[in-house]
Amino acid sequence: MPLIQISMMEGRPPEKIEALIKNVTATVSETLDAPKENIRILVTELPKTHWGIGGKSAKQLGK
């Protein structure tokens, strides 16, 4: 059973997360010949204050 973990900054609308889950599931299913029912996707959204880029938080950088 494939388990895919995706970490990203918070702020995207729920429909974008749903589309991501659908598209990643389809790609993994096609690539691995795995049934979609066996694929698990875990999306973790992190606050911009917890995402560092070049020594600064994404919030400080205005990302």
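### What about the overall build of the protein chain?
Then, number 1: Scanning the protein chain from terminus to terminus reveals 2 helices and 4 strands.
Then, number 2: When the helices and strands of the protein chain are placed in sequence order, the string is β-α-β-β-β-α.
Then, number 3: A globule of 63 residues ought to have a C-alpha radius of gyration of about 11 Å, yet the protein chain, at 15 Å, is considerably larger.
Then, number 4: Principal-axis analysis of the C-alpha atoms places the extent of the protein chain at approximately 40 × 25 × 15 Å.
Then, number 5: The buried share of the protein chain, taken over its 63 residues, is 22%.
Then, number 6: Pairs at least 24 residues apart make up 60% of the contacts formed inside the protein chain by residues separated by at least 6 positions.
Then, number 7: Carbon together with sulfur atoms contributes 53% to the accessible area of the protein chain, which is approximately 4800 Å² in total.
Then, number 8: Computed over 9 positive and 7 negative side-chain charges, the separation of the two mean positions in the protein chain equals 11 Å.

### Concerning the pairing of strand S1 (residues 3-9)
Then, number 1: Note: S1 against strand S2 (residues 40-46), 7 bridges, orientation parallel. The residue bridging isoleucine 4 from the neighbouring strand is isoleucine 41, located in S2.

### A few points about the nonpolar core
Then, number 1: In terms of nonpolar packing, the biggest core is built from 5 residues, these being Ile6, Val24, Val28, Ala34 and Ile39.
Then, number 2: Those residues within four positions of alanine 34 in sequence are excluded, and the remaining contacts are Pro2, Ser29 and Ile39.

### A word on unusual backbone geometry
Then, number 1: Residue aspartate 33 is not a glycine yet carries a positive backbone phi of 50°.
Then, number 2: Residue position: aspartate 33 is located in the loop between helix H1 (14-32) and S2.
Then, number 3: When its relative accessible area of 71% is taken as the criterion, aspartate 33 is described as exposed.

Reading the values: the criteria
Residues numbered from 1 in each chain as written. Predicted model: local features only at pLDDT ≥ 70, side-chain atom pairs only at ≥ 80, totals over all residues. Heavy atoms only, no water. Helix = DSSP H or I, 4+ residues; strand = E, 2+ residues; numbered from the N terminus. Rg over C-alpha atoms; globule rule 2.2 N^0.38 Å. Buried < 20%, exposed > 50% of the residue type's maximum accessible area, 1.4 Å probe, protein only. Contact = heavy atoms within 4.5 Å. Areas by Shrake-Rupley, 256 points an atom, 1.4 Å probe, with all protein chains shown as cover. Lys, Arg positive; Asp, Glu negative; His and termini not counted. Charge placed at Lys NZ, Arg CZ, Asp CG, Glu CD. Pairing = 2+ DSSP bridges. Core = buried A, V, L, I, M, F, W, Y, C linked by side-chain atoms within 4.5 Å.

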